Structures are given as C-alpha cells and as structure tokens.
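Next come the chains, spelled out residue by residue.
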Amino acid sequence: AVKHFELISDGINVAPLLAEMEHNPWLWNLNSRRKTAPGSPHSEMSDIWVRYNDDTRARLTGDWRGFNDEHVPVWYPAWEALPSLRSIIFDLMAKVRGEMLGGVLITKIPPGAGIAPHADDSWHVQFFDKFYLSLKSKPGAQFWCDDGETKEALEPKPGQIWLFDNRKIHWVTNESDEDRITLIICIRTEKFGRHMEVK
C-alpha cells in the first residue's frame, strides 16, 4: 500500500483521448510558461493547457505577476480539440462530488527526462485537490514523493486516476523507453476532508 497516493479509479479507457492528441500535435507547448519560466522544475517536459486562468493579458504584456492568484478558470483551445476529455472530467467530478473544476493540464515527459523535486504553494493548490489520470506510462516512469517519514515511488498504470497532495515534495523520473503522459484534473471537493476547517 502507498501512503502518499490514493487510487480513485481504475480501468478508464484512455485510447480515444490519446488518438485525439495524436491528431492534434499542435496543442503541445502552445502555452510554454511552465516549461520556460526561470528555475522551473518542469523544463524537461511538454504541456497542453486545457483549463486555467485566462492568459491573454499576460501573454500580450509579458507581465505574469498575479497569474496564479485566485481566478475563475477558462477553457483553452484543447477543450474543443479533445472531446474525449468531457466524459473523463465530468465522470470524475460526479465521483468525487466536485464543487468546482479548476485547472486541467496534460503533461508529457520524454524518456530520460523528469520533473525536478519541488512542492507547490499557490492559491490554486491550496483550493483544489489534484487528480492524476495516467494516459501513457511504462515501468520505469516513477512519480516520487518524500514527505515526513515516508519516501515512495508510484508507477501508475494507464487508465488509473490517483489523488495526490502536491503541497508535498514530489518529482518524476522517466527511465522507461516511452513518453510518460498524464492528465491532471484539479477539483474543489470536501469529499477527502482536506478543506474541512476545525472550528
């Protein structure tokens, strides 16, 4: 059993979404802010932004201050290009009794690359729970967490959704021979007790 990760769903058919992504390679790194920001732990990977804060003003002005502050997210072009996302996202919203849908992101880590150790701390990560659906992953692609007494690695199987608190120190290594592709869905929900304040 793993301590830092909680299995939410298994057996989800990810083939239709992967096929749609294959047909729309132009979606990768349309929004490269996470990849190119100075000191980013995500510099070795590629992104498809599906839903987040509207970045129009920041891209026009080059001023990204406040971009990760409190906001109501909007859909990016990938939402129209990848229709299989609809049932995946809204089935998960129903399953976890979601109250609000936050950021939605697809990440790709090539063989031999990874995400550097880091812990997230922003309004978004404090407000939403983060669910990871493995779209493509082979043994050797590992999602690590080191928190408290326990350091552990997860090798998610495609079609599995895992809940993870990314306020903990985490990183990814891909020692497999294939891309590791993950859909990240952020949902506000009190189902897991994370947002319940003790009065």
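The model shown is predicted, which means the values in this text are computed figures rather than measured ones. (Residues numbered from 1 in each chain as written. Predicted model: local features only at pLDDT ≥ 70, side-chain atom pairs only at ≥ 80, totals over all residues. Heavy atoms only, no water.)

Participant: So, the side chain of Thr-189: which residues are in play, and what are the values?
Facilitator: Counting through the fold element by element, Thr-189 comes out in the segment after β11 (180-188). Assessed through its relative accessible area of 0%, Thr-189 is described here as buried. A polar contact is formed between the side chain of Thr-189 and the backbone oxygen of Val-96, at a distance of 2.7 Å. From its side chain, Thr-189 meets the backbone nitrogen of Lys-191 in a polar contact 3.0 Å long. (Helix = DSSP H or I, 4+ residues; strand = E, 2+ residues; numbered from the N terminus. Buried < 20%, exposed > 50% of the residue type's maximum accessible area, 1.4 Å probe, protein only. Polar contact = N/O pair within 3.5 Å; in protein donor to acceptor, adjacent residues only side chain to side chain.)

Participant: Tell me about the nonpolar core, residues and numbers included.
Facilitator: The biggest cluster of nonpolar side chains holds 30 residues, and the ones touching the most others in it are Leu-82, Ile-106, Leu-135, Leu-183 and Ile-185. Of all the secondary-structure elements, those providing two or more residues to this core are α1 (15-23), β2 (46-52), α4 (78-81), α5 (85-95), β4 (100-109), β6 (129-136), β9 (161-164) and β11. At five residues, α5 tops the list of elements feeding residues into this core. Other than its neighbours up to four places away in sequence, Leu-135 contacts Val-14, Leu-17, Leu-18, Met-21, Ile-106, Pro-158, Ile-181, Thr-182 and Leu-183. Phe-5, Tyr-52, Ala-58 and Leu-105 belong to the second-largest nonpolar core, a separate cluster that totals 22 residues. (Core = buried A, V, L, I, M, F, W, Y, C linked by side-chain atoms within 4.5 Å. Contact = heavy atoms within 4.5 Å.)

Participant: If you had to explain the pairing of β9 to someone new, which residues and values would you point to?
Facilitator: Residues Ile-161 and Leu-163 of β9 are buried on one face, and the alternating residues Trp-162 and Phe-164, pointing to the opposite face, are buried as well. Here strand β1 (residues 5-9) pairs with β9 via four bridges, running antiparallel. When the sheet's bridge partners are listed, Ser-9 is paired in β9 with Ile-161. (Pairing = 2+ DSSP bridges.)

Participant: Can you explain the confidence of the model for the protein chain? Please cite residues and give values.
Facilitator: Looking at the protein chain as a whole, the pLDDT averages 88, with 90% of positions reaching at least 70. Ranking the elements of the protein chain by mean pLDDT puts helix α2 (residues 33-36) last with 64 and α1 first with 98. (pLDDT = per-residue confidence, 0-100.)

Participant: Residues and numbers for the packing of aromatic side chains, please.
Facilitator: Going through the model one piece at a time under the given rule, you end up with 16 aromatic pairs. When the ring of Trp-49 is compared with that of Tyr-76, the centres are 5.8 Å apart and the planes differ by 70°; the resulting orientation is edge-to-face. Here Trp-49, found in strand β2, pairs with Tyr-76, found in the loop between β3 (74-75) and α4; they are 27 residues apart in sequence, far enough to count as distant. Residue Trp-49 shares its accessibility class with Tyr-76, and that shared class is buried. An aromatic cluster is present here, built from Trp-49, Tyr-52, Trp-64, Phe-67 and Tyr-76 joined pairwise through their rings. Over the aromatic face of Trp-75 sits the side chain of Arg-51, whose NZ or CZ is 4.6 Å from the ring centroid. (Phe/Tyr/Trp six-rings, centres within 6.5 Å; stacked < 30°, edge-to-face > 60°. Lys NZ or Arg CZ within 6 Å of the ring centre and 35° of its normal.)

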